[in-house]
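One letter stands for each residue in the lines below.
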Amino acid sequence: MTFTQIIDFRTRRIDDLNRLVDRWIEQTAGRRTATHSVLGEDRADSSHLVEIVEFPSYDVAVRNSRLPETERIFREMVALCDGMPTFTDLDIVRDESLYKAASRRFLAMAAEEPELARLDEVLAEGYHGHDPTNGQDVIGMDAVRREIGRWRDGFDFAFTVEDQIAEGDRVCTRWTWRGSHVGDFLGLQPTGMDVSTTGTLVHRFREDGKIVEGWWQYDALGLMARLGAVEG
C-alpha cells in the first residue's frame, strides 16, 4: 500500500530550504526510498508551505527516515522554520490519475460513442491531432469527428488499453486495436476480415483536464498489408 507523508510548516527562507532539499537528494542517491516529492506554497500566505512525500510503503518510509542524511536534513529544516513542522502520515486507499482516465475514456468514446457529440467532455475545442499516416494534422472538434468517422465507416472496432504512463501534463497509452473490416476504407472494399494492430497515443492536457494535443504511432502499413491492400 502506498504511503504518503504531509509536512506542514512555515518559513521565510524558501531558497535556503530548496538548497537543503537539493543537497539531500544528491547525498541519498541510490539509497533514498522516497519516490515523489511536491512542495506547495499557500497562495494566501507565502510563508506557509506544505510538502507531500510519497513512499512505496510505511516500512520503506521508516527506512528512509533512518538515513543519517535524513536525520541531518530534519534538524537543518527545523532551524529554517518558524516553529516546529507538523507531520501527517497517510495510507493511500485510493489513487486515481484523472488524466489517465480521460485518455482511456477518449479511446472508448472513439469506438463506442454513438454520435460523438460528447467528445467535447474530454477534448478541448482546438484539439490538435498528429498522425503520421495522414497528409495533414487533425485540428478542431469537427475534424476529429470526421477522422473517427472515417475509421468507423471501415471497421467495427475497439481499443484495449495495455499500459499507461503519466508525467506532468502528458499521458502515454499503449493500446491494442481490434476491428472487423465491414466497410470501405481508403478505397479498399470490405473484406470481412478480423484484424488488429498495436500502437501508442500521447496526450497533452491543459489545466482544466481537457486534452489539447495528441500524437499517434501505430503500424498502419502492417494493417493495410493484412487487409491485402499492399504486398508484404
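Anything mentioned here points back to the structure above.
In this text, all values refer to a predicted model and were calculated from it rather than measured experimentally.

Conventions used here
- The written sequence of each chain sets the order in which its residues are numbered from 1.
- pLDDT decides what is reported in this predicted model: residues at 70 or higher carry local features, side-chain atom pairs at 80 or more are listed and counted, and totals for whole chains, interfaces and linings draw on all residues regardless.
- No hydrogens and no water enter the side-chain calculation; it runs on all heavy atoms of the structure.
- We define a salt bridge as a side-chain nitrogen of Lys or Arg found within 4 Å of a carboxyl oxygen belonging to Asp or Glu.
- The cut-offs for exposure are 20% and 50% of the maximum accessible area for each residue type, with area from a 1.4 Å probe on protein chains only; residues under the lower value are buried, those over the upper are exposed, and the others partly exposed.
- We count a stretch as a helix when DSSP gives it H or I for four or more residues in a row; a strand needs E for two or more, and each element gets its number in order from the N terminus.
- Only when DSSP finds a minimum of two bridges between them are two strands counted as paired.
- One fewer than the residue count of a helix, multiplied by 1.5 Å, yields its expected span.
- Any two residues having at least one pair of non-hydrogen atoms within 4.5 Å are treated as being in contact.
- Each axis is a line fitted through C-alpha atoms, taken for helices only over the stretch in contact, and angles between the N-to-C directions span 0 to 180 degrees.

K.L.:
Outline the pattern of salt bridges, listing residues and values.
P.N.:
Applying the stated rule across the entire model yields 13 salt bridges. In this structure, the salt-bridge partner of arginine 13 is aspartate 16, at a minimum N-O distance of 3.1 Å. Overall, the relative accessible area of 26% leaves aspartate 16 in the partly exposed class. The partner of glutamate 147 in a salt bridge is arginine 150, with the nearest N and O atoms 2.6 Å apart. With glutamate 147 and arginine 150 both in helix α5 (residues 141–154) and three residues apart, the pair spans about one turn of that helix. The class of arginine 150 is partly exposed, set by a relative accessible area of 24%.

K.L.:
Could you give an account of the pairing of strand β1 (residues 3–10), with specific residues and numbers?
P.N.:
Judged from the eight bridges that link them, β1 and strand β3 (residues 45–55) form a sheet pairing that is antiparallel. Within β3, the position partnered with glutamine 5 by the bridge is valine 53. Where β1 meets strand β4 (residues 86–91), six bridges bridge the pair, whose relative direction is antiparallel. By the bridge assignment, isoleucine 7 is partnered in β4 with phenylalanine 87.

K.L.:
I'd like a rundown of helix α4 (residues 98–112), residues and numbers included.
P.N.:
Relative to the 21 Å expected for 15 residues at 1.5 Å per residue, α4 spans 20 Å between its end C-alpha atoms, a close match to the ideal helical length. Residues of α4 that are buried include every one of Ala102, Ser103, Phe106, Leu107, Met109, Ala110 and Ala111, and no others. Check the buried side of α4 and you find it contacts β5 (123–130), α5, β7 (155–167), β8 (170–181), β9 (194–205) and β10 (211–218).

K.L.:
With reference to specific residues and values, describe the sheet that holds β8.
P.N.:
Sheet architecture is open: six strands sit in the order β6-β5-β10-β9-β8-β7, paired in mixed fashion. Only two strands of the sheet have a single neighbouring strand rather than two, namely β6 (138–139) and β7. Bridge analysis of β5 against β10 gives four bridges, and the strand direction is parallel. Bridging from a neighbouring strand, glycine 129 pairs with glycine 214 of β10. Its contacts with the sheet place α4 against β5, β7, β8, β9 and β10, and it is angled at close to 170° to β7. Running over the sheet, α5 touches β5, β6, β7, β8 and β10 and is turned about 130° from β7.

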